[in-house]
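# Structure assessment
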Amino acid sequence: MTTQYEAVVGLEVHAVMETQSKMFCDCPVVDSTHHEPNVAVCPVCAGMPGMLPVLNKAAVEFALRVALALHCEINSTSIFARKSYFYPDLPKGFQISQYEQPLAVNGWLRIPTESGELRVGIRRVHLEEDTGKLTHLGEDGDRRTLVDLNRSGVPLLEIVTEPDLHTVEAVRNCAYALRSIMRYLEVNSGNLEKGLLRIEPNISIRERGSQALSTRVEIKNLNSFRSLERALEFELARQAELVDAGGAVQQQTLGWDDVRGSTQAQRSKEVAEDYRYFPEPDLPPLVVDDKWVREIEADLPELPQEKRKRFVEMVGLSDYDAGLLVAERSVAEFFDAALGAIHKADAKMLANWITGPLFELLNKDGYSIESLPFGPEPFAELVDMVASGEINASSARSVLSEMAANGKKPKELVQARGLAQISSETDIGELAERVIQKNSQQVADYVAGKDEVLNWFFGQAMLASQGKANPTLLRQALRVQLDAARAQKEAS
Amino acid sequence: MALSKKDVDHIAHLARLHLSDAEKARFRKQLSDILAHVDALQSLDTTDVPAMSGAIFEGSRLREDIAGDAMPREDLLRNAPDRENNQFRVPPVLD
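From a predicted model like this one, the values you see are computed outputs, not experimental measurements.

Residue and element names in this part refer to chain A. Counting residues in hydrophobic clusters, the biggest one holds 84 residues, and the most contacted among them are Ala63, Val66, Ala67, Val125 and Cys174. Sort the elements by how many residues they give to this core and helix 1 (residues 57–69) lands first, with ten residues. If near-sequence neighbours (up to four positions away) are discounted, Val125 is found in contact with Ala63, Val66, Ala67, Leu70, Cys72, Pro102, Leu103, Ala104, Gly107, Leu157 and Ile159. Counting residues in each nonpolar core, the second largest holds 34 residues, with Phe311, Ala338, Val399 and Val414 among its members.

Now the structure itself:
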């Protein structure tokens, strides 16, 4: 997009509240992407006549956690409304949602961007029910749609941000931040691919410097963060091109086609949406008493952006490292616990061992940090052993993979495998001497001025020690002895 | 308040009803009469009366989040006019 335009983007996010039972009936919430169809359905969520909804307390509590974490004003009385439309994914012919008086309004969150922290407004947070899942099959005369109602009536939270996002980076970070907050709050696992979290940006452009709001386009069908970024870039370019050519952006909903890499018109609508919202007569107003709200607020965990701040300001990490550590609550808590257990290593070194070797191990073996057979204390012990020089970094890495394989304590493993680092100056000195004596040609080269031969000696000596030599001491000992040989030669 | 023919078309479309011209004329009259009847309420002064969202004034009774049993799938699908792969089968809808 040319620099003449500025992007104006707001997000509409739908997050499944991962409760045990559905929002208005006690059917179990199951994974609708690969569960047997229509096995978690009852007369209520199948929309049979005469059935009455009864609201799930946990769905309200989960929603309140998110609303409070996003600094919203909670409406002590909120109203459910019927959103009427005909589509086979909604057996009742309407969706129970919230409209005029939602659960919460006027919040905000802070997100990191390249140009510093950005405050993004939250317009509203409300509860609604999810719809059934449709599968479209066949071609031409054989075309048909199948309906699975397992997902019908699953609690869904809608979060609407203000259009405060002006770069692709800010949109991505805002989506990440919302996902991360909901994972911290243990209300949503953040899976876009399975549709547990759906991110729909509203996108428009305007002349840079203008404050006007222009016609916006909503994008659906984004099932990864990568798609979100690609769709944004595509749509911003499309709108700029259109406006440059003297055209006007039409208000519409477009679907992202990941294969084609472009946005496509979804369904044509002959008439404008007319949902005829009205208060749901089968549900009394939702009243949340202040005491309950305060209890939920008091129980909120420290949130990612606060943790990040603390890691930078109190612990002394770089903003980058802190960002890596707080992305997942389990990782941040692992770091906090290990930080309390280290004696010799410092916070920076600990952070590096988590974001380096530990992450590498997790990625390689597909582990999550919670599923590791060792906790933060043994990990801290391992990093301490490196800090104190008991073992070297490469031994520590191999100990780490063994810890992951069998859960044994690092001290035990070091002892059993004889990995203890050779740090005695006498032993190191002897090791250096042996390698030097065996390789007179290379000594001659060094004496003749080839300094880089030192690295070759270092490699040979390390090999001879089976990787156990303290690298700093070894390099030092080699240099001292080789320099002595050089000095002797010059003197003679 | 009298409804126009266009209003009736719109309402019929939203309800996915196909109406004949005779039906449209009849329903236009009936719906207009209903609205006129309800219009009588507009003569009341409701300045100090808060908007009412329902007839139940107590707050929601909340249910504990405990999953129960779903209904047998066969019972559910017995309501389906047509089925395939244990799902309701409906005419194709564009997505």
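Moving on, we get to the interface of chain A and chain B. Taken together, the contact pairs 41 residues of chain A with 35 residues of chain B. Mapped by element, the contributors of at least two residues to the side of chain A that touches chain B are helix 1, strand 9 (144–148) and strand 16 (286–287) of chain A. No other element matches strand 9 of chain A, which puts five residues into the side of chain A that touches chain B. Here the side of chain A that touches chain B is composed, by residue class, of 27 nonpolar, seven polar and seven charged. Relative to strand 2 (residues 87–90) of chain B, strand 9 of chain A runs antiparallel, the two sharing three bridges. Opposite Leu146 of chain A, over in strand 2 of chain B, you have Arg89 of chain B as the bridge partner.

This part takes up the sheet that holds strand 2 (residues 73–74) of chain A. All names here are of chain A. The sheet built from nine strands is open, its strands ordered 2-6-7-10-1-11-12-13-14 with mixed pairing. Of all strands in the sheet, those bounded by a partner on one side alone are strand 2 and strand 14 (262–265). Across five bridges, strand 1 (residues 5–16) lies against strand 10 (residues 155–161) in antiparallel orientation. Paired with Val13 across the strands is Ile159, a residue of strand 10. Seen against the sheet, helix 1 touches strand 2, strand 6 (104–113), strand 7 (116–129) and strand 10 and runs at an angle of roughly 165° to strand 7.

In this section: the sheet that holds strand 4 (residues 80–84) of chain A. The three strands lie next to each other as 5-4-15 (chain A), forming an open sheet whose pairing is antiparallel. Among the strands making up the open sheet, the edge pair consists of strand 5 (94–98) and strand 15 (278–279) of chain A.

This brings us to the packing of helix 13 (residues 440–447) of chain A against helix 15 (residues 471–491) of chain A. All names here are of chain A. Running from N to C, helix 13 and helix 15 point in directions that differ by 70°, and their axes come no closer than 9 Å. With respect to each other, helix 13 and helix 15 are oriented roughly perpendicular. Regarding helix 13 and helix 15, the two cross each other, and that crossing is right-handed. Together, Val443, Tyr446 and Val447 of helix 13 and Leu482, Ala485, Arg486 and Lys489 of helix 15 make up the contact between the two elements. Here the contact of helix 13 with helix 15 is composed, by residue class, of five nonpolar, no polar and two charged.

With that out of the way, let us pick up unusual backbone geometry. Within the chain, His71 of chain A stands out as a residue other than glycine whose phi angle is a positive 55°. The backbone of Arg16 of chain B shows a phi angle near 55°, a positive value even though the residue is not glycine. A count of 8 C-beta atoms within 10 Å places Arg16 of chain B in the exposed class.

Consecutive residues of a regular strand have side chains that alternate between opposite faces of the sheet. Residue and element names in this part refer to chain A. Relative to strand 7, strand 6 runs antiparallel, the two being bridged by nine bridges. Of the residues in strand 7, the one forming a bridge with Ala104 is Val125. Linking strand 6 back to strand 7 in an antiparallel pair, the connection comprises two residues. Note: strand 7 against strand 10, seven bridges, orientation antiparallel. By the bridge assignment, Ile122 is partnered in strand 10 with Thr161.

Attention shifts here to helix 3 (residues 225–244) of chain A. All names here are of chain A. Helix length check: helix 3, at 20 residues, gives a terminal C-alpha distance of 29 Å against a target of 28 Å (1.5 Å per residue), a fit within 8%. Among the residues of helix 3, Leu228, Ala231, Leu232, Glu235, Leu236 and Gln239 are the ones counted as buried. Seen along its axis, helix 3 keeps its buried residues to an arc of 130°; they face one direction. Facing away from the buried surface of helix 3 by more than 90 degrees, the exposed residues are Arg226, Glu241 and Asp244. Check the buried side of helix 3 and you find it contacts strand 1, helix 2 (168–184), strand 11 (197–207), strand 12 (217–220), strand 13 (252–257) and strand 14. Trailing helix 3 by a residue or two, Gly246 shows a phi angle of about 85°, which is positive.

To continue, consider the environment of Leu35 of chain B. Residues and elements named next belong to chain B. Within the secondary structure layout, Leu35 lies in helix 2 (residues 21–39). Since 12 C-beta atoms lie within 10 Å of it, Leu35 is described here as exposed. Expressed as a C-alpha distance, the spacing of Leu35 and Leu19, which sit 16 residues apart in the sequence, is 20 Å.

Right, let's get into the packing of helix 13 of chain A against helix 14 (residues 453–464) of chain A. Residue and element names in this part refer to chain A. Between helix 13 and helix 14, the shortest axis-to-axis distance is 9 Å and the interhelical angle comes to 150°. It follows that helix 13 is roughly antiparallel to helix 14 by the angle criterion. Of the two elements, helix 13 crosses helix 14, and the hand of that crossing is left-handed. Packed against helix 13, whose contacting residues are Gln442, Asp445 and Tyr446, the element helix 14 presents Val453, Leu454, Trp456 and Phe457 at the interface.

Residues at a pLDDT of 70 or more form 96% of chain B, whose mean pLDDT is 90. Across the predicted assembly, pTM comes out at 0.84 and ipTM at 0.87.

What counts, and at which threshold
Residues numbered from 1 in each chain as written. Chains lettered and ligands numbered in written order. Predicted model: local features only at pLDDT ≥ 70, side-chain atom pairs only at ≥ 80, totals over all residues. Core = buried A, V, L, I, M, F, W, Y, C linked by C-beta atoms within 7 Å. Buried ≥ 20, exposed ≤ 12 C-beta atoms within 10 Å, placed from the backbone. Helix = DSSP H or I, 4+ residues; strand = E, 2+ residues; numbered from the N terminus. Contact = placed C-beta atoms within 7 Å. Nonpolar A, V, L, I, M, F, W, Y, C, P; charged D, E, K, R; others polar. Pairing = 2+ DSSP bridges. Axes fitted to C-alpha atoms, helices over the stretch in contact; angles between N-to-C directions. Parallel < 35°, antiparallel > 145°, perpendicular 65-115°, else oblique. Left-handed = near helix turned anticlockwise from the far one by under 90°. Expected span 1.5 Å × (residues − 1). Arc of directions from axis to C-beta. pLDDT = per-residue confidence, 0-100.

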